[in-house]
Amino acid sequence: RGLELLSETKRPGLRALRNVIGIKGNVGCSDVSFGIGPRLNAAGRIVHGELVVELLTTKDSTVADRLARQLNELNGERQEVENSVKQEAIKTVEKSGGPDWGLVVWNPEFHTGVIGIVAQRLFEHFYRPSAVMGMDTPGVFKGSVRGIKGFSVVETLGACGEHLIKFGGHEGAGGFSVKEENLEKFKEAFVAECKKRLETIETVPFVDADTDASLSEITVDLVHELSSLAPFGMGNPAPLVLLKNLRVVEVRDLKGAHLKALLSDGKRFISGVMWRQPSHPDLRPNNMVDVVCRPEINTFNGTVEIQANLQAVQGASAGK
């Protein structure tokens, strides 16, 4: 119902935000996740959340247009800051000899508005529980943690609580504050706790497919049928399909940050996109691969095609 209301809204602020993002027609889950949400969050991350309140409550379309453009610019700034902090965090891990059982990085220059996103990016890159910290006030660092599947972030923070000012969170994510003089003690305790917990957890990243299918079964009608199960989110994830024994026809990078591959079963072809991953060892021309994907409809320049949103790729001879 919320998506329906967003599609029909007369609120100047939401209409202006939709226009600046380029959302036409009905608002979908991905429009909220990757368009509306990040721009609303960017204000609080970079400057102050009051901008969002003003946008959502104004009745003046001129004011709404100005604020929507401002939020769009702030989101661009947030992306730049996030990327800078992420690259520095990855360098820090690699300079320390590579990933440990748990990753703990800090820098007084890290913008605390993006540490949660960067912790998520570190987790995605190394598949280890990741804590990222920036200076909140003089002598105090603010941190954010993301954990792998089956690992409780909040329990781990609790085990390290003697070194923290405060902490909170849940199974997959958490936040905390720590005095500067306790940073090394916290790191030591966090890594030790991660080691203890990860001994009984799968530490190689994996994805569970909901079903398998042949390439001939991935049709526009099927994609529309699967989309009828929306809205998708944490409590209702989009269905994942396993496609086996596909040949990699060609691979190219998108803006140095993503991968696009043309895959074939020998008779049919499908384009696959792997977001936020500039390379993959198994995505090489003429390799045979198994992939887990979300089948989607991609419309570009008036052309409609089925696209595989790649969630996992492995060599076809790798087994399960």
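Just above, that's the structure.
Residues numbered from 1 in each chain as written. Predicted model: local features only at pLDDT ≥ 70, side-chain atom pairs only at ≥ 80, totals over all residues. Heavy atoms only, no water.

> Even after reading the chapter, I still don't get a nonpolar patch on the surface, so can you show me in this structure?
A contiguous nonpolar patch, built from Val-220, Ile-297 and Val-304 and spanning about 210 Å² of accessible area, is present on the exposed surface. Inspection of the secondary structure puts Val-304 in strand 11 (residues 303-315). On the accessibility criterion, Val-304 (51% relative accessible area) is exposed. (Patch = residues over 30% accessible without salt bridge, like charges linked within 9 Å, V, L, I, M, F, W, Y side chains within 5 Å. Areas by Shrake-Rupley, 256 points an atom, 1.4 Å probe, with all protein chains shown as cover. Salt bridge = Lys/Arg side-chain N within 4 Å of Asp/Glu carboxyl O. Helix = DSSP H or I, 4+ residues; strand = E, 2+ residues; numbered from the N terminus. Buried < 20%, exposed > 50% of the residue type's maximum accessible area, 1.4 Å probe, protein only.)

> Could you clarify how one ought to interpret the environment of Asp-253 in this entry?
Looking at where Asp-253 falls in the secondary structure, it is placed in strand 7 (residues 241-254). The class of Asp-253 is partly exposed, set by a relative accessible area of 45%. Placed 28 residues apart in sequence, Asp-253 and Pro-281 show a C-alpha to C-alpha distance of 13 Å. In contact with Asp-253, not counting residues within four places along its chain, are His-258 and Leu-259. A polar contact is formed between the side chain of Asp-253 and the backbone nitrogen of Gly-256, at a distance of 2.9 Å. (Contact = heavy atoms within 4.5 Å. Polar contact = N/O pair within 3.5 Å; in protein donor to acceptor, adjacent residues only side chain to side chain.)

> Explanation requested: the packing of aromatic side chains in the structure shown.
The description of two aromatic rings rests on the distance between their centres and on the angle between their planes. Enumeration according to the criterion identifies 3 aromatic pairs in this entry. Measuring from centroid to centroid gives 5.6 Å for Phe-123 and Tyr-127, while their planes differ by 35°, and the two rings are tilted. Across the pair, Tyr-127 and Phe-123 agree in class, each one buried. Residues Phe-186 and Phe-190 carry aromatic rings whose centres are separated by 5.6 Å and whose planes lie at 40° to one another, so their mutual orientation is tilted. Here Phe-186 and its partner Phe-190 are both found in helix 8 (residues 183-198), 4 residues apart, which amounts to about one turn of the helix. Judged by its relative accessible area of 0%, Phe-186 is buried. (Phe/Tyr/Trp six-rings, centres within 6.5 Å; stacked < 30°, edge-to-face > 60°.)

> Teacher, can you tell me more about the environment of Ile-148 here?
Among the structural elements, Ile-148 can be located in the loop between strand 3 (140-146) and helix 7 (153-159). Measuring from C-alpha to C-alpha, the distance between Ile-148 and Gly-161 comes to 20 Å, with 13 residues separating the pair along the chain.

> Would you take a moment to explain the side chain of His-163 for this structure?
Relative to the helices and strands, His-163 is located in the loop between helix 7 and strand 4 (166-169). For His-163, a relative accessible area of 15% translates into the label buried. Apart from the residues within four sequence positions on either side, His-163 is in contact with Val-178, Asn-182, Lys-185, Phe-186 and Ala-189.

> Would you mind showing me how to read helix 2 (residues 12-21) here?
Note that an α-helix has 3.6 residues per turn; residues three or four places apart therefore point the same way. Along helix 2, the positions that sit buried rather than exposed are Gly-13, Leu-14, Ala-16, Leu-17 and Arg-18. Directly after helix 2, the chain includes Gly-22, whose backbone phi takes a positive value near 95°.

> Please explain the sheet that holds strand 2 (residues 130-137) as it appears in this structure.
Hydrogen bonds along the backbone pair up the strands of a sheet, which may run parallel or antiparallel. Read from one edge of the open sheet, 5 strands run 1-2-3-5-4, paired in mixed fashion. The open sheet has two edge strands, strand 1 (103-107) and strand 4, and neither has a second partner. Going across the sheet, the axis of each strand differs from the next one's by a mean of 20°, ignoring polarity. Lying over the sheet, helix 6 (residues 115-126) contacts strand 1, strand 2 and strand 3, oriented at roughly 45° with respect to strand 3. (Pairing = 2+ DSSP bridges. Axes fitted to C-alpha atoms, helices over the stretch in contact; angles between N-to-C directions.)

> I'm lost on the pattern of salt bridges in this one. Help?
Where charged atoms from two side chains of opposite charge come close, those side chains can pair. Under the counting rule described, the total for this entry stands at 11 salt bridges. Two residues, Arg-121 and Glu-82, come together in a salt bridge whose shortest N-O distance is 3.3 Å. Note that Arg-121 is positioned in helix 6 and Glu-82 in helix 5 (residues 61-95), a separation of 39 residues in sequence. For Arg-121, a relative accessible area of 18% puts it in the buried group. Linked by salt bridges that have partners in common, Arg-78, Glu-82, Arg-121, Glu-124 and Arg-276 make up one network.

> What exactly am I supposed to notice about the pairing of strand 7 here?
Both faces of the sheet carry side chains from a regular strand, because those side chains alternate between them. In this sheet, strand 7 lies alongside strand 6 (residues 211-213) in parallel orientation, the contact comprising 3 bridges. Following the sheet pairing, Asp-212 is matched in strand 7 by Leu-242. Pairing of strand 7 with strand 10 (residues 288-300), which is carried by 5 bridges, proceeds in the antiparallel orientation. Looking at the pairing, Arg-247 lines up with Met-288 of strand 10. Across 7 bridges, strand 7 lies against strand 8 (residues 258-264) in antiparallel orientation. The residue of strand 8 that forms the bridge with Val-248 is Leu-263.

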